[in-house]
Amino acid sequence: MITADQILVKQINKSLVLNYIRKKEHISRADIAKKTGLNRSTVSALVDELITEGLIVEKGIGTSKGGRKPVILAINKNGGSIIGVDLGVNYILTVLTDLLGKIIWEKRIPIDPQDPPEKNIDLLINMIGKAKENAPDTLKGILGIGIGVPGIVNYEKGLVLMAPNLKWENVNLKDIIEEKLNIPVFIDNEANTGAIGEKWFGLGKKATNFVYVSAGIGVGTGIIINDELYRGSSGLAGEMGHMTIDMNGKPCSCDNTGCWEEYASEKALFKYLRDQVSRYTSDSDINRENIDTLTIFDIVDAAKAGDDLAVSAFRLVGKHLGIGVAGIINTFNPDLVIIGNTISLAGDIVMQEITEEVSKRSFITKYSEVTIAPSHLNMHACAMGAVTLVMSRVFASPNI
Ligand SMILES: [Zn+2]
């Protein structure tokens, strides 16, 4: 008789083998046995099962170090597809990937955060439907849908507790979408998904301790400690955007005043620009007439083209970001801080300010080296992290 313990051990071993193949990309049965310490017959049996299930494939012959040439194994990118959604405050970015996380289709649409949740959920379901239509024929079909949400969530229940910038409260997002589409749904906070996206696919791959700062309409942080996402006791950790940096400061959508995100986000950038264009005239392409029609991407382009007003706006927001990043470095002593989301698109203009502010304010940096870098995944970090929410389940439980 097979006991529950034996099933669990087999499950763990199978996941171990699958993850080795994922991380090493091309590896032989013998290499896996050597690296995992499992015996060769166990590895062979597990590999056979994974091939039958369509999760891995044999991919040619490797070079021999004496003896028979090894068969190289790889993840079967066509084993199934995954849908990842970045539910922004004013947009929805949906991606469809293969099992290696390669994007095969994507679409971004604007949404109005003032609209009721029902309307934006309909748009979200519609976008997922479009991703489904574009999915290729695979053995396992769509394995799941991951969604990064700009707010605090109960990730186990898939419940959005509160998304202040979207004005959502207690939205049972997982149940609503699963009922409509009959595909497993996993949700998490957008900065958390950004951090896991970076861990699996971005700059965070090689870092053990790092913090991902999502600086968009708001500011959120995803904290990776010892290669794992730090969630806190109720899964709500990382709301550093709502850390008070001015006790007498501006009111925030979270009901506190003087929160970091009020000074270091798109909200702060546009507030500064509106203030400037209403008071002064300048040579800038940004003016009183067009300020309400410009997107953050227009301001990024203007800054990159050397528009003085756009540059000064990003410098100010970068300086404010740096103040919070210094606090993060003093708190966590990370190897790496990744700056992501729209504000990071201004590149060196914001990065220089952040670095300068950190060197002024964080004494930790005199004793410990820390890299501060813009995300390479850029606007895909959250959506790719949402893909990872699904992928991590597939790779942890290969029988899904
Ligand atoms: Zn706040």
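Residues numbered from 1 in each chain as written. Predicted model: local features only at pLDDT ≥ 70, side-chain atom pairs only at ≥ 80, totals over all residues. Heavy atoms only, no water.

- The protein chain goes by ROK family transcriptional regulator in an unreviewed UniProt entry, where it is assigned to Biomaibacter acetigenes.
- What UniProt records for the protein chain under Sequence similarities (unreviewed entry) is the sentence "Belongs to the ROK (NagC/XylR) family."
- What the UniProt record of the protein chain gives under Function (unreviewed entry) is the line "Transcriptional repressor of xylose-utilizing enzymes." (UniProt positions renumbered as here; feature names shortened; annotations may be inferred.)

### Brief notes about the packing of helix α1 (residues 4-24) against helix α3 (residues 40-52)
Okay, step 1: α3 packs onto α1 with a crossing angle of 75° between their chain directions and a minimal axis gap of 10 Å. Here α3 runs roughly perpendicular to α1, going by the angle between their axes. Where α1 abuts α3, its residues K10, N13, K14, V17 and L18 lie against L46, V47, E49 and L50.
Okay, step 2: For the contact of α1 with α3, the residue count by class is five nonpolar, one polar and three charged. (Axes fitted to C-alpha atoms, helices over the stretch in contact; angles between N-to-C directions. Helix = DSSP H or I, 4+ residues; strand = E, 2+ residues; numbered from the N terminus. Parallel < 35°, antiparallel > 145°, perpendicular 65-115°, else oblique. Contact = heavy atoms within 4.5 Å. Nonpolar A, V, L, I, M, F, W, Y, C, P; charged D, E, K, R; others polar.)

### Considerations on the pattern of salt bridges
Okay, step 1: Scanning the entire structure with this criterion turns up 17 salt bridges.
Okay, step 2: Linking D292 and R274 is a salt bridge whose minimum nitrogen-to-oxygen distance equals 3.2 Å. Of this pair, D292 sits in the loop between α7 (266-279) and α8 (296-304) while R274 sits in helix α7, and the two are 18 residues apart along the sequence.
Okay, step 3: By relative accessible area, which is 39% here, R274 ends up partly exposed.
Okay, step 4: With a shortest N-O distance of 2.8 Å, E357 and R361 are connected by a salt bridge. Residue E357 and its partner R361 are both found in helix α10 (residues 348-361); the two are separated by four residues, about one turn of the helix. (Salt bridge = Lys/Arg side-chain N within 4 Å of Asp/Glu carboxyl O. Buried < 20%, exposed > 50% of the residue type's maximum accessible area, 1.4 Å probe, protein only.)

### Description of the side chain of D98
Okay, step 1: By the secondary structure assignment, D98 is in the loop between β5 (91-97) and β6 (103-110).
Okay, step 2: Despite being buried, D98 has no salt bridge partner; K77 is the closest side chain of opposite charge, sitting 5.0 Å away.
Okay, step 3: A polar contact of 2.8 Å, which involves the side chain of D98, links it to the backbone nitrogen of L100.
Okay, step 4: Beyond its immediate chain neighbours, meaning those up to four positions away, D98 contacts K77, G80, I104 and M391. (Lys, Arg positive; Asp, Glu negative; His and termini not counted. Polar contact = N/O pair within 3.5 Å; in protein donor to acceptor, adjacent residues only side chain to side chain.)

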